[in-house]
Amino acid sequence: MRDAVTTLIKNYDVTGRYLDRNAMDELKAYFDSGSARIAAASLINTSSSDIVKKAAALLFEEVPELIRPSGNAYTTRRFSACLRDMDYYLRYATYALVAGDNNVLDERVLYGLRETYNSLGVPIGPTVRGIQIMKDIIKEMANEAGLSNTAFIDAPFDHMTREVSEISV
Ligand code: CYC
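Residues numbered from 1 in each chain as written. Predicted model: local features only at pLDDT ≥ 70, side-chain atom pairs only at ≥ 80, totals over all residues. Heavy atoms only, no water.

**Thoughts on the side chain of Asp101**
Then, number 1: When you line up the elements, Asp101 lands in the loop between helix 5 (76–99) and helix 6 (103–110).
Then, number 2: The buried charged residue Asp101 lacks any salt bridge partner; its closest oppositely charged side chain belongs to Arg2, at an N-O distance of 5.1 Å.
Then, number 3: A distance of 2.5 Å separates polar atoms of two side chains, one belonging to Asp101 and the other to Thr7.
Then, number 4: Among the polar contacts made by the side chain of Asp101, one reaches the main-chain amide nitrogen of Asn103 at a distance of 2.8 Å.
Then, number 5: Not counting residues up to four positions away in its chain, the partners in contact with Asp101 are Arg2, Asp3, Ala4, Thr7 and Ala96. (Helix = DSSP H or I, 4+ residues; strand = E, 2+ residues; numbered from the N terminus. Buried < 20%, exposed > 50% of the residue type's maximum accessible area, 1.4 Å probe, protein only. Lys, Arg positive; Asp, Glu negative; His and termini not counted. Salt bridge = Lys/Arg side-chain N within 4 Å of Asp/Glu carboxyl O. Polar contact = N/O pair within 3.5 Å; in protein donor to acceptor, adjacent residues only side chain to side chain. Contact = heavy atoms within 4.5 Å.)

Structural data, given as structure tokens:
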């Protein structure tokens, strides 16, 4: 598992280089965004279950077939598997936000996920939508809490979206 700092060091170490100006700029940007990252993660932590519930409600409103017989989130077991998955995405997104790096998502969440979803018939489109709805909810919360720059919040959610939706060959 890596963060912004260890990823940078790794990249310079492979080629035996000292940290140059670009590296210093990247490090500075990461450290400068530190308190905003922590603030965003804290916002999420204090209302994670509300965020998941609200996002799921919106998702099922948008794609009601999911919870009808023959839908993938139909039956209590699958309904709760869906909420649980959304909670995983949210929790790991907070780790990636604090780390300033998406590597934790690749290692702990996304590896093999598409294959699992495909074999269980979990639909990718609505999963992606669920992730994006959570992102929107959080950015709104961050704006309301007065965080001036909320662009960094996109990264983990967009990364998960991209990786899950990639067509498997
Ligand atoms: C199932 N989701 C699963 C399974 C895994 C994950 C491994 C199969 C095993 C199980 O049922 O528990 C996902 N497990 C993870 C992830 C991690 C992990 C991400 C990393 C921490 O350890 N169905 C829908 C919605 C969507 C959904 C679109 C919610 C957004 O229609 C999710 N995932 C869903 C459902 C199942 C599932 C319904 C159960 C499918 C089944 O068993 O038929």
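**As for the layout of surface pockets**
Then, number 1: A volume near 530 Å³ is recorded for the largest pocket.
Then, number 2: Lining the largest pocket are 26 residues, and of these Ala81, Arg84, Asp85, Tyr117 and Val122 sit closest to its centre.
Then, number 3: Listed by contribution, the elements that provide at least two residues to the lining of the largest pocket are helix 4 (48–62), helix 5, helix 6, helix 7 (113–120) and helix 8 (124–144).
Then, number 4: Of the residues contributing to the lining of the largest pocket, the split by class is 17 nonpolar, 4 polar and 5 charged.
Then, number 5: Estimated volume of the second largest pocket: approximately 200 Å³.
Then, number 6: In this structure, the second largest pocket is lined by Ala4, Thr7, Leu8, Asn11, Tyr12, Glu26, Leu27, Tyr30, Arg37, Gly100 and Asp101.
Then, number 7: When residues of the lining of the second largest pocket are traced back to their parent elements, those giving at least two are helix 1 (4–14) and helix 2 (21–32).
Then, number 8: With 5 residues, helix 1 is the largest single contributor of residues to the lining of the second largest pocket.
Then, number 9: Tallied by class, the residues present in the lining of the second largest pocket amount to 5 nonpolar, 3 polar and 3 charged.
Then, number 10: No fewer than three residues from each of domain 1 (1–32) and domain 2 (34–165) sit in the lining of the second largest pocket. (1 Å grid on protein atoms, 1.4 Å probe; cavity = no way out; pocket = protein on both sides within 12 Å on 5 of 7 lines; lining within 4 Å. Points joined across faces, edges and corners; volume = space filled by probe spheres on them. Nonpolar A, V, L, I, M, F, W, Y, C, P; charged D, E, K, R; others polar. Domains from an automatic or database assignment.)

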